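Structural overview for review
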There are 2 protein chains.
Amino acid sequence: MPSAAGRGQGQDRRSENEDSSAADDYAKERYGVSSMIQSQEKPDRVLVRIKDLTVEKADEEVWVRGRIHTSRAKGKQCFLVLRQQQFNIQALVAVGQHASKQMVKFAANITKESIVDIEGVVRKAHQKIGGCTQQDVELHVQRIYVISSAEPRLPLQLDDAVRPEVEGEEDGRATVNQDTRLDNRIIDLRTSTSQAIFCLQSGICQLFRETLIRKGFVEIQTPKIISAASEGGANVFTVSYFKTSAYLAQSPQLYKQMCICADFEKVFCVGPVFRAEDSNTHRHLTEFVGLDIEMAFNYHYHEVVDEIADTLVQIFKGLQERFQTEIQTVSKQFPCEPFKFLEPTLRLEYREGVAMLREAGVEMGDEEDLSTPNEKLLGRLVKEKYDTDFYILDKYPLAVRPFYTMPDPANPKTSNSYDMFMRGEEILSGAQRIHDPQLLTERAKHHGIDLEKIKAYIDSFRFGAPPHAGGGIGLERVTMLYLGLHNVRQTSMFPRDPKRLTP
Amino acid sequence: MPSAAGRGQGQDRRSENEDSSAADDYAKERYGVSSMIQSQEKPDRVLVRIKDLTVEKADEEVWVRGRIHTSRAKGKQCFLVLRQQQFNIQALVAVGQHASKQMVKFAANITKESIVDIEGVVRKAHQKIGGCTQQDVELHVQRIYVISSAEPRLPLQLDDAVRPEVEGEEDGRATVNQDTRLDNRIIDLRTSTSQAIFCLQSGICQLFRETLIRKGFVEIQTPKIISAASEGGANVFTVSYFKTSAYLAQSPQLYKQMCICADFEKVFCVGPVFRAEDSNTHRHLTEFVGLDIEMAFNYHYHEVVDEIADTLVQIFKGLQERFQTEIQTVSKQFPCEPFKFLEPTLRLEYREGVAMLREAGVEMGDEEDLSTPNEKLLGRLVKEKYDTDFYILDKYPLAVRPFYTMPDPANPKTSNSYDMFMRGEEILSGAQRIHDPQLLTERAKHHGIDLEKIKAYIDSFRFGAPPHAGGGIGLERVTMLYLGLHNVRQTSMFPRDPKRLTP
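Looking at an unreviewed UniProt entry, chain A carries the name Aspartate--tRNA ligase, cytoplasmic, with the source organism given as Cyanistes caeruleus. The UniProt entry for chain A carries the following comment under Subcellular location (unreviewed entry): "Cytoplasm". The heading Subunit (unreviewed entry) in the UniProt record of chain A holds the text "Homodimer. Part of a multisubunit complex that groups tRNA ligases for Arg (RARS1), Asp (DARS1), Gln (QARS1), Ile (IARS1), Leu (LARS1), Lys (KARS1), Met (MARS1) the bifunctional ligase for Glu and Pro (EPRS1) and the auxiliary subunits AIMP1/p43, AIMP2/p38 and EEF1E1/p18."

Given below as C-alpha cells:
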C-alpha cells in the first residue's frame, strides 16, 4: 500500500519540512527528507528498476530509487538525472498539480549523489534525451523523498571520471588522476566504466569456474598463512603468528600439488596471492587474485596446456556473449580493438619466438628470458603474423624457470614449461612439475635452495605422485588486457602496491 | 597404439628388469618400472576410469591407471585392489599365458600407494567382490608398469583412517588420531571419506555462487592486507609491509559495505579471513574461508535475511541432489541423521529462544549472549519442537553486537541483527548495518572505539549510502555441520590453529 507507507513516512518528515517551507505549501506531504530507514515497516511498494523504464511503461505511475546524478533548475522546473548503476533517466519536477514551488526548490537543492525515492509518471519524451541511457522516456515527479543525503562537496565529479583522456586534453575539460580516484574509490567505483569493469571481472571468475567444473575439476581452498616461503625466500611478507612468525603465501603452488598427490586429480582455486616485490609498474600489485589450476595428466603435459588454453578461450567467448554491454561501456572511455583469439589456441615454441624477435632486430641469447619490451614486441609480431591477441609460448629455457620445473627430456637446456599472453603481456605462467623426489632434490640443490626448508614439499612426492602440470593466472591482468586497459589498478577494486595500503 | 607405446616404454624398463628376473622370463616385456614420465611421447592410449568398469565392459581389454590399495600374493596368483579416488576394483595377476612367475612376484612386491598402469581384460566376477566399489567385475592383468613408486613405510594406513571410531574400539583395531592425519595430510586426503568431504565442500562453494549469481549478485574481491583492523583492534594478525606494518583482514566487512556505497547493490565474496584468537576448540580456526554477502535493501532488513536463508536452503537442496554419493560415503565412517530444514526457514526472535531455554531450566538475562552449551541446547529444543536443523535467531540484544549494528527502532535494547544455526551451532552472523555517518559515530563512541582509526570507514557513508544488511558464513562449519562431523579440522584441507601452521 504505497499511500499508507507514504503517510507513515510523511509524518516523520513533517517536522523537518516546517523549517524550510511555508505553512501554505499544498505539496508539503509530497517531499522531504525521510527519517533513516531502520526497518520500521515493510511497505508493500514495488520499486521499479531504471533500466526497465521504457516506452512500454508510458503513463504508468511508478516508484523508483536512485541517486541524483545531476540537477538543473530552470524557472518553475527542475530537471534531475536519476542514476542506478549503469543506467539513468531524466526526471522532471515542475510546479503544477503535484508540485509546489517549494517542492521544486527542495528538489533543486538535493545534493548530487544523494539517494532519493521518487514517485512519478513515465512519459514518452518528445525528443531523444541525450546523455541518458533511457532516451525515450522521462519521469514526471509527483513525490520525492531523500533517503540518504550526500555531503555537498564531492571529492571528484563522476562526469570527469568517465571522460576519455584525449577528450579532456582537447577541450581543456577535467579528467581525474589515478590517485584521486583510488583515494576516493567508493565514488570512482560508481562510474559506468567502473561498474562495467567489475561486473565483467565477476564474469571472468564465474566463467573460469563454470568451465572447470564442467571439465571435472574440484575447487580447493588453500591456506594463505604458511610456515615456509613457497617459492624460495625472496619477496615474501612476514606475519607475526602468536609466539612465532609465518609468511603469506606467494602462490598456492605447494598446496595445489599436494592435492594432486592426494588424488584430487584436477583442482582449481581462486584466491589472493601476496608478493612483497617493490615493483611500481603498471602491472604489478603486492596482493592480487590468482586463478590457479593444477592437473594430473596421463602421458604429456600438453594435455594440461590444452585444457588451460581452452578454459581461457571459454572465458573470452563467454565475455563476448554475456558482457557485450559492459565491453561497450568501457570502450567509450577507453577505446580499443576487440580481443581476438584463435581456436585451437596458437602455440609457439620459445625458440620460434626468439627467432621472430631476432628477425625484427632484437639481439638476445637462446637462454635469456623475455624482457617486458620484448614480450610486447613479440605480441605485436604474433598479432601481425597470426591475427591473434592470445597465444602460448612453450618450452622455455630451463635456466629461467623455478627449480620444480620438469626439464625437457629431448633437450637439456629447455623445459616443459609455458607462458600464455594476452595483447603481448604475460597472464599465465605454468609448467609440468617434477613429481619425482630424487630429481626434485637434485634440481633444488642446483638452484642453491636450502633442502631443509622445502622438506615437506619434497616429501609430498614420496608416496606415489602422478605426473602433473598447471599454471596460475592473474585475474586483474586478464581483466585489464581483455578490455585493453593500461593499468592493473583499474581492475583491482582496492589495489595494493608498495605505496598504497588504503582504502 | 598401445602396443607401440608399450614397446617404447618396455625398452626403458628392460635394464631394470635384468636385475630381478631370469633371462628366460617370457613375460619380461609385460611389467617393470616405467621411466619417469617427462612427456617423452603422446601415446594414443585411452585410460579407462575405474568407476566405468562394469559388467557392460566384460571381456574388453582396457588400460587403467590407479594406486595399489592393497596387495595379497597367494601361490601363483597375486590379488591387487586398484584404487582411483573413491572407487576401486580387484585386479588379478596369475601365472599363465600373459604373466610369468617373475611377473607375479614383481606385482606382489609393488608397494602400497604406488601408481601403476595396468593393461587387463575385464571379467565378470563369479561372486560379489566385498570391499570393492566395483563388485561385479575384476581385472585380469596382462601388463603392469609402475608409474610412481611409494616408499614402503606409509605414515598411516588408509584402511585405519576410514574405520569408524566405534568399530575400532570394539574390535581393538587401529584408528588414526587427528594429529597423525593432519601431519600426513596428503595420505589422509586420499581416503574415501576425505575425498567425499572436499568434493562436497567444492559443491557448497559452487551452489553458493550459482544461487547468488542467479539472484543478481556480483562477485567482488576484497583486499586481505589492510591498514587498520576491521573489527576493532583485538585478535588481528600483524604483517610487516615494506617499511611499515599492516594487518590481515578479520572479515571483508568494510569492503563489502564500501561496494554497497559504490552502488554494486548485491555483492558476495569467497575468501580467507584471519582471526588471531588463541581458541583451541572444535570449531575455531585462525584462518578460514568466509562466504560473505552484503545487500542493499528497500525498506526492511528481512528482505536480506530472506535472501540469505534461501541461499542456504538452495545449498542444502543442491547437496542432497548432486552429492548423495559423497553424503553416503562420509556417513559410513561418521554416521549421522540426514540434515533437516524447513521452507521457508524458521525464524525465531532472540527473546523466544531465551524463553525456550528458561523453560528448560537455563537461567540467563535478557541481554546476555548465548553460550556455546546454550546454543547447542537451544538447537536441540528447536529440533524437538519444529523438526528442523536450520533456523534463524533474530533481534539480538544490541549490547552483544558490533558497534555498526543497526539498533531496533521499536526497542532500544535490541537490534536488527541475526545469527543462523545448523545443528545447534552458529554458522552465520549478520545484521542491518548503520548507513548514517552520524549514528555510526555515536555508536562507535559508545563502544569506546578510536574514531580516528575508523575514519575511512565512517567517511564511506558521507556521499549517500543505501540501507543495507549482510552476513558472513564459515565454509568449514557449514561442511562440518551439514555432514554431522565434530571437528572443523576435518573440513579444512590444511587447517590453521594456534598450534598448527603445517603442512
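Structure shown, so let's carry the discussion forward.
Here we come to the pairing of strand β5 (residues 115-124) of chain B. All names here are of chain B. With respect to burial, β5 is a largely interior element, eight of its 10 residues being buried. Pairing of strand β2 (residues 61-74) with β5, which is carried by seven bridges, proceeds in the antiparallel orientation. Bridged to valine 64 within β5 is isoleucine 118. Note that β5 and strand β6 (residues 137-148) share 10 bridges and pair antiparallel.

On to the sheet that holds strand β12 (residues 287-296) of chain B. Residues and elements named next belong to chain B. Sheet architecture is open: eight strands sit in the order β7-β11-β12-β19-β18-β17-β14-β13, paired in mixed fashion. The open sheet is flanked by β7 (218-219) and β13 (346-349), the only strands paired with a single partner. Two elements, β12 and strand β19 (residues 468-474), share seven bridges in a ladder whose sense is antiparallel. Across the sheet, residue methionine 295 finds its bridge partner in β19, namely alanine 469.

Residues and elements named next belong to chain B. Its place among the elements puts glutamine 86 in the loop between β3 (77-84) and β4 (87-94). Within the structure, the side chain of glutamine 86 is placed 3.5 Å from the side chain of threonine 329, a separation counted as a polar contact. Here glutamine 86 is in contact with Thr133, Ser192, Gln195, Ala196, Glu326 and Thr329, once residues within four sequence places are set aside.

The next subject is helix α11 (residues 350-359) of chain A. Residues and elements named next belong to chain A. Inspection of α11 places Tyr350, Gly353, Val354, Met356 and Leu357 among the buried residues, and these make up the whole buried set. For α11, the angular spread of the buried residues around the axis is 160 degrees, confining them to a single face. Of the exposed residues in α11, those oriented more than 90 degrees away from the buried face are Arg351 and Glu359. Where α11 is buried, its residues touch β13 (346-349), α12 (372-386) and β14 (390-394). One or two positions beyond α11, positive phi appears at glycine 361, with a value near 100 degrees.

So, about the pairing of strand β17 (residues 468-474) of chain A. Residue and element names in this part refer to chain A. Counting buried positions along β17 yields six of seven residues, so the element is predominantly enclosed. Summarising the sheet, strand β16 (residues 425-433) and β17 pair through six bridges and their orientation is antiparallel. Bridging from a neighbouring strand, glycine 430 pairs with glycine 471 of β17.

Looking now at the packing of aromatic side chains. Inspection of every chain in the model, using the stated rule, returns 38 aromatic pairs over all chains. Ring geometry for A:Phe208 versus A:Phe268: centroids 5.8 Å apart, planes at 90 degrees, classification edge-to-face. Taken together, the residues span a long stretch of sequence, with A:Phe208 in helix α7 (residues 192-214) and A:Phe268 in strand β11 (residues 266-274) at a distance of 60 residues. In this structure, A:Phe208 and A:Phe268 share a single accessibility class: buried. With a centroid separation of 4.5 Å and 50 degrees between ring planes, the pair formed by B:Tyr350 and B:Tyr396 is classed as tilted. With a gap of 46 residues between them, B:Tyr350 in helix α11 (residues 350-359) and B:Tyr396 in the loop between β14 (390-394) and β15 (407-408) connect regions that are remote in the sequence. Overall, B:Tyr350 belongs to the buried group, its relative accessible area being 2%.

It is worth spelling out the pattern of salt bridges at this point. All told, the structure shown has 82 salt bridges over all chains when counted by the stated rule. For B:Lys340, the salt bridge identified is with B:Asp387, shortest N-O distance 3.2 Å. Of this pair, B:Lys340 sits in the loop between α10 (324-333) and β13 while B:Asp387 sits in the loop between α12 (372-386) and β14, placing them 47 residues apart in sequence. We classify B:Asp387 as partly exposed; its relative accessible area is 40%. Where B:Arg358 meets B:Asp366, a salt bridge forms, and the shortest distance between an N and an O atom there is 2.8 Å. For B:Asp366, a relative accessible area of 58% corresponds to the exposed category. Salt bridges sharing partners connect three or more residues here, namely A:Arg67, A:Arg83, A:Glu113, A:Arg190 and B:Asp263.

Residue A:Thr502 is joined to A:Pro503 through a cis peptide bond whose omega torsion reads -5 degrees. Looking at where A:Pro503 falls in the secondary structure, it is placed in the segment after α15 (475-482). Of note in the backbone geometry, B:Lys395 takes a positive phi value of approximately 65 degrees without being a glycine. As for its placement among the helices and strands, B:Lys395 is situated in the loop between β14 and β15. Given a relative accessible area of 14%, B:Lys395 falls into the buried group.

The next subject is the packing of helix α9 (residues 302-322) of chain B against α10(B). Residue and element names in this part refer to chain B. Interhelical geometry of α9 versus α10 gives an angle of 85 degrees and a closest axis separation of 5 Å. One way to sum up the angle between α9 and α10 is to call them roughly perpendicular. For the pair α9 and α10, contact is made by Leu319, Gln320 and Arg322 and by Gln324, Glu326 and Ile327, respectively.

Looking now at the relation of the copies chain A and chain B. For the pair of chain copies, the relating operation is a rotation around an axis with a shift along it. Under the fitted operation, chain A is carried onto chain B by 0.0 Å of movement along the axis and a turn of 180 degrees, and the coordinates agree to an RMSD of 0.0 Å. Here the transformation between the copies is reduced to the relation of a two-fold axis. Residue A:Val239, judged by its C-alpha, is the member of chain A lying nearest the rotation axis, at 2.2 Å. Both copies contact each other with a shared surface, as 100% of the interface residues of chain A are interface residues in chain B too.

Bringing the sheet that holds strand β12 (residues 287-296) of chain A into the picture now. Residues and elements named next belong to chain A. Read across the open sheet, the eight strands follow the order β7-β11-β12-β17-β16-β15-β14-β13; overall the sheet is mixed. Every interior strand has two partners, whereas the edge strands, β7 (218-219) and β13, have only one. Each of β11, β12, β16 and β17 touches helix α8 (residues 253-261); the most contacted strand, β12, lies at about 25 degrees to it. Its contacts with the sheet put helix α9 (residues 302-322) on β11, β12, β13, β14, β15 (417-422), β16 and β17, and the angle it makes with β15 is roughly 15 degrees.

On the side of chain B, 110 residues touch chain A, which itself brings 110 residues to the contact. Of the roughly 9200 Å² buried between chain A and chain B, counting both surfaces, carbon and sulfur atoms make up 61%. Between the two partners, chain A and chain B, sit 10 salt bridges. Between A:Arg49 and B:Glu265 there is a salt bridge, with its nearest N and O atoms 2.9 Å apart. Sort the elements by how many residues they give to the side of chain A that touches chain B and α7(A) lands first, with nine residues. Looking at side-chain class alone, the side of chain A that touches chain B contains 55 nonpolar, 28 polar and 27 charged residues.

Rules used throughout
Residues numbered from 1 in each chain as written. Chains lettered and ligands numbered in written order. Predicted model: local features only at pLDDT ≥ 70, side-chain atom pairs only at ≥ 80, totals over all residues. Heavy atoms only, no water. UniProt positions renumbered as here; feature names shortened; annotations may be inferred. Buried < 20%, exposed > 50% of the residue type's maximum accessible area, 1.4 Å probe, protein only. Helix = DSSP H or I, 4+ residues; strand = E, 2+ residues; numbered from the N terminus. Pairing = 2+ DSSP bridges. Polar contact = N/O pair within 3.5 Å; in protein donor to acceptor, adjacent residues only side chain to side chain. Contact = heavy atoms within 4.5 Å. Arc of directions from axis to C-beta. Phe/Tyr/Trp six-rings, centres within 6.5 Å; stacked < 30°, edge-to-face > 60°. Salt bridge = Lys/Arg side-chain N within 4 Å of Asp/Glu carboxyl O. Axes fitted to C-alpha atoms, helices over the stretch in contact; angles between N-to-C directions. Parallel < 35°, antiparallel > 145°, perpendicular 65-115°, else oblique. Least-squares fit on C-alpha atoms with pLDDT ≥ 70 in both. Buried area = accessible area lost by both parts, 1.4 Å probe. Nonpolar A, V, L, I, M, F, W, Y, C, P; charged D, E, K, R; others polar.

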